[in-house]
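# Close look at the chain arrangement
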Amino acid sequence: MRLFTATELLLAAAAPIQAAYTWQNVKIGGGGGFVPSFVFHPKTKGVAYARTDIGGLYRLNSDDSWTAVTDSIADNANWSKWGVDALALDPQDDAKVYAAVGSYTNSWDPNNGAIIRSSDKGATWSSTALSFKVGGNMPGRGMGERLAVDPANSKILYFGARSGNGLWKSTDSGATFAKVSSFTAKGSYAPDPSDTNGYNNDPQGVAFVTFDSTSSTTGGATSRIFVGTADNATSSVWVTEDAGTTWKAVSGQPGTYFPHKAVLQPTEKALYLTYSDGTGPYDGTLGAVYRYDITAGTWKDITPVSGGDLYYGFGGLGVDMQKPGTIVVASLNSWWPDAQLFRSTDSGATWSRLWEWTSYPNMNLYYSQSTTKAPWVKAGFLDADTKDLGWMIESLVIDPFDSDHWLYSTGLTVFGGHDLTKWDTTHNITIEVLADGIEEFAVLGLASAPGGSELLAAVGDDSGFTFASSSALKTSPQKPWMDPIFSSSTSVDYAGASVKNVVRVGNTAGTQQVAVSGDGGASWYAYSGAGTTMSGGTVAYSAGADTILWSTSANGVQRSQYSGSFSSVSSLPATAVIAADKQNNAVFYGGYSSTFYVSKDTGSTFSAAGVLSGATSIRAIAAHPKTAGEVWVSTDVGIFRSTDSGTSFKKASTALTNTYQVALGLGSGSTWNVYAFGTGISGTRLYGSGDTGATWTDIQGASQGFGAIDSCKLAGSSNTAGQVFVGTNGRGVLYASGSLGSGGNGGSTTTTTSRTTLSTTTTRATTTTNVTTSTTTSKTSTTSSAPTSTPTGTVPHYGVSKAYPNKIQILPFQTLSLKHL
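Residues numbered from 1 in each chain as written. Predicted model: local features only at pLDDT ≥ 70, side-chain atom pairs only at ≥ 80, totals over all residues. Heavy atoms only, no water.

In the nomenclature of an unreviewed UniProt entry, the protein is known as Xyloglucanase of Xylaria multiplex. If you open the UniProt record of the protein and go to Sequence similarities (unreviewed entry), you find "Belongs to the glycosyl hydrolase 74 family." (UniProt positions renumbered as here; feature names shortened; annotations may be inferred.)

Structure follows, in structure tokens:
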């Protein structure tokens, strides 16, 4: 055998320990967020993708499930790449996929947008930087598609931009883009020009790009291209007949509403379009459906309803490529009693409905529903509201190879089925929840109770979920947190010495927003001490479950004991970070700015305690689940630990700085691991320590992104050794397990991380190109909802920071829904 030299042995000893963590989703199922669009490949059966507004792209699998394919591109510096505003597939190559990424066009997003491209179905990505922002989570995000590949020439792409930036073209398969100077339309509509935060006053720009594959070619490119803009005028649909050299408004077009979708039926040589008087996804009270005969150059109004039946605009548009003349359209927003879907088999001459009134309030429903893949959708939503079919139906597609297979998205989930043609015969179809694998939840709080529930997950818009054991993490829950159900649960905590007792708080002012459980989160009841004027924020439960401390969003820190009314805690600043000692019922902790506070009288009063040397921002506090008096604090200068209830602190390590969330989880034997988001030897990411913070291991790895770490939530499992949970802002709860050693490499270690959906040998190549209005070749670098108070399942509107642009969705006859995006 070969003998190693002394030098080789020394180098091996100094090498960082490798800790392989394979990340996967906790299976909440059902989607959890808004899916603005699906795109099927036109020539290859079974290839399809879904784009989401805050959770990246998903690829469809043969069993109706979905696989996330953009986790690797949304790290802390590129969090906004999980916002997807447009999606395109190459008709000549089913392995190629393109997307326009970026979350906001206003100041909430510091980054310009990009066009990402993959030639291996999303396994690896390259990126072309744009010189302007992209709005994957902006108004009008369900219009489209704004991005398209020329069916006659795979090297040519067009992208329609927002904010008055016009139309852009690539002639090198998306590596570079140049502005199309001959296209002068801007798409000037903005929902609220007076909006000062930039969210509703930004012009929505180009709405869609649709190639006419039946037209001839000019210089090897498709001659006829239709482009729609966010304008409600007779110049909102444009056409070129010379491959983009010149453009003109299509003659005779309607000018009352905004064009939403435009889908070509090549056999008919017809363009079908849906229109609405709002650009979505929340608005739209009137609208129309049109058919444009390309050969004759004539428009026909084929709107399914009129008069009093027309109280909504139209969004989703499915065109059957196997059966010319067969189309399905959906109401964009019909808030009561439900959405409406229409089907025509004669090019829109006649229509049939999916439901109709008999004698009010009775209805004939020509469908049944199945929620087998996500039972909580029925328990928490379908059984509690009239809107079984949904709302915000921006996308509805029919599989181009299977007339029975269809999908449509709502503000709650993804619906669809495999018997669509029964609509024409038995007039009764089965609509299924088909969002299996799509985990677009915005997670607002996590907890794992030792000897109790393995995971408690507070989420935006869908209340929250309990997973009783580690084995339950792979099964979609039977129900969300209910009785009461909150539109969003913003925080959850358990009583450390009585772990079956759990408390959560919600965000909807006007009703009691505190709920408690005595069975580990299996069932709930409203906390009698809660009034109706406070909401949001974070909550801490005393070890013995007799006292609740609540740092509200607008009313400062509040305290309730023995189910009594809440009263203000004047000795803690408003918005203070709070936590309860998990074993000492009398002790609570607080933090604000650079000051750490301790209460020894069950939260009645707080006093400044131990000094966190050099820290100016306390971000999170984690009390040891089993040891009284042990508390960990994350700050802008790193992690601190106290073993005397905060009287004194020691810095855990100098290897981890600028930390955010911190959590403890069961380690090997009787030890406890520490987990933290912060900056270490591998950069800004998730680290773990198995030796009380002396050394830190990168457990995130290069291929798993969590988005912005300052919006992530973190919990170590208190029951399963080495297991850790990350709550993301748009990709649900991810978890992994591994063993943390004592470390090395000067107090820090790194890790190689694999993902179940990617080969561990895959590299991530990202090419960044600055785009100008002419050629773009310089500076290229390569690096690897509704009339009730139920949740809406959507992504609401307004925000204030990168991590938490709180967007409040305003809907008619509905309480406000808030989601941290």
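Within the protein, the secondary structure is distributed over 2 helices and 65 strands. Buried residues in the protein amount to 62% of all 821 residues. Of the accessible surface of the protein, which amounts to about 26600 Å², a share of 51% is contributed by carbon and sulfur atoms. (Helix = DSSP H or I, 4+ residues; strand = E, 2+ residues; numbered from the N terminus. Buried < 20%, exposed > 50% of the residue type's maximum accessible area, 1.4 Å probe, protein only. Areas by Shrake-Rupley, 256 points an atom, 1.4 Å probe, with all protein chains shown as cover.)

Read across the open sheet, the 4 strands follow the order 50-51-52-53; overall the sheet is antiparallel. Each edge of the sheet is formed by a strand with only one pairing partner; in this case those strands are strand 50 (618-623) and strand 53 (650-651). In this sheet, strand 51 (residues 631-635) lies alongside strand 50 in antiparallel orientation, the contact comprising 5 bridges. For Ile-618, the partnering residue across the bridge sits in strand 51 and is Thr-635. (Pairing = 2+ DSSP bridges.)

Oppositely charged side chains can pair when the atoms bearing their charge come close. In the structure shown here, the tally under the stated rule is 16 salt bridges. When the shortest N-O distance is used, the salt bridge between Asp-71 and Arg-731 registers 2.7 Å. Note that Asp-71 is positioned in the loop between strand 5 (66-68) and strand 6 (84-90) and Arg-731 in the loop between strand 59 (723-727) and strand 60 (733-737), a separation of 660 residues in sequence. A salt bridge links Glu-630 to Arg-641; its shortest N-O distance comes to 3.3 Å. Remark: Arg-641 occurs in strand 52 (residues 638-642) and Glu-630 occurs in the loop between strand 50 and strand 51; sequence separation between them is 11 residues. The exposure class assigned to Arg-641 is partly exposed, which follows from its relative accessible area of 28%. Salt bridges sharing partners connect three or more residues here, namely Asp-85, Arg-146 and Arg-162. (Salt bridge = Lys/Arg side-chain N within 4 Å of Asp/Glu carboxyl O.)

This paragraph deals with the pairing of strand 22 (residues 287-293). Of all 7 residues that make up strand 22, 6 are buried, and the element is covered over most of its length. Where strand 21 (residues 270-276) meets strand 22, 7 bridges bridge the pair, whose relative direction is antiparallel. By the bridge assignment, Ser-276 is partnered in strand 22 with Gly-287. The pairing of strand 22 with strand 23 (residues 298-301) spans 4 bridges and is antiparallel. Within the sheet, the bridge partner assigned to Tyr-290 lies in strand 23 and is Asp-301.

According to the stated counting rule, one finds 37 aromatic pairs in the structure shown. Put simply, the rings of Tyr-158, Phe-183, Phe-211, Trp-238 and Trp-247 touch in pairs and so form one group of aromatic residues. If you follow Arg-504 out to its NZ or CZ, it ends over the ring of Trp-524, 4.4 Å from the centre. (Phe/Tyr/Trp six-rings, centres within 6.5 Å; stacked < 30°, edge-to-face > 60°. Lys NZ or Arg CZ within 6 Å of the ring centre and 35° of its normal.)

Across the sheet, which stays open at both edges, the 4 strands sit in the order 20-21-22-23 with antiparallel pairing between neighbours. The open sheet has two edge strands with one neighbour each: strand 20 (258-265) and strand 23. When strand polarity is set aside, the average angle formed by the axes of neighbouring strands in this sheet is 25°. (Axes fitted to C-alpha atoms, helices over the stretch in contact; angles between N-to-C directions.)

What follows is about the side chain of Asp-493. Structurally, Asp-493 can be placed in strand 38 (residues 489-495). Assessed through its relative accessible area of 10%, Asp-493 is described here as buried. Within polar-contact distance, the side chain of Asp-493 engages the side chain of Lys-582 at 2.6 Å. (Polar contact = N/O pair within 3.5 Å; in protein donor to acceptor, adjacent residues only side chain to side chain.)

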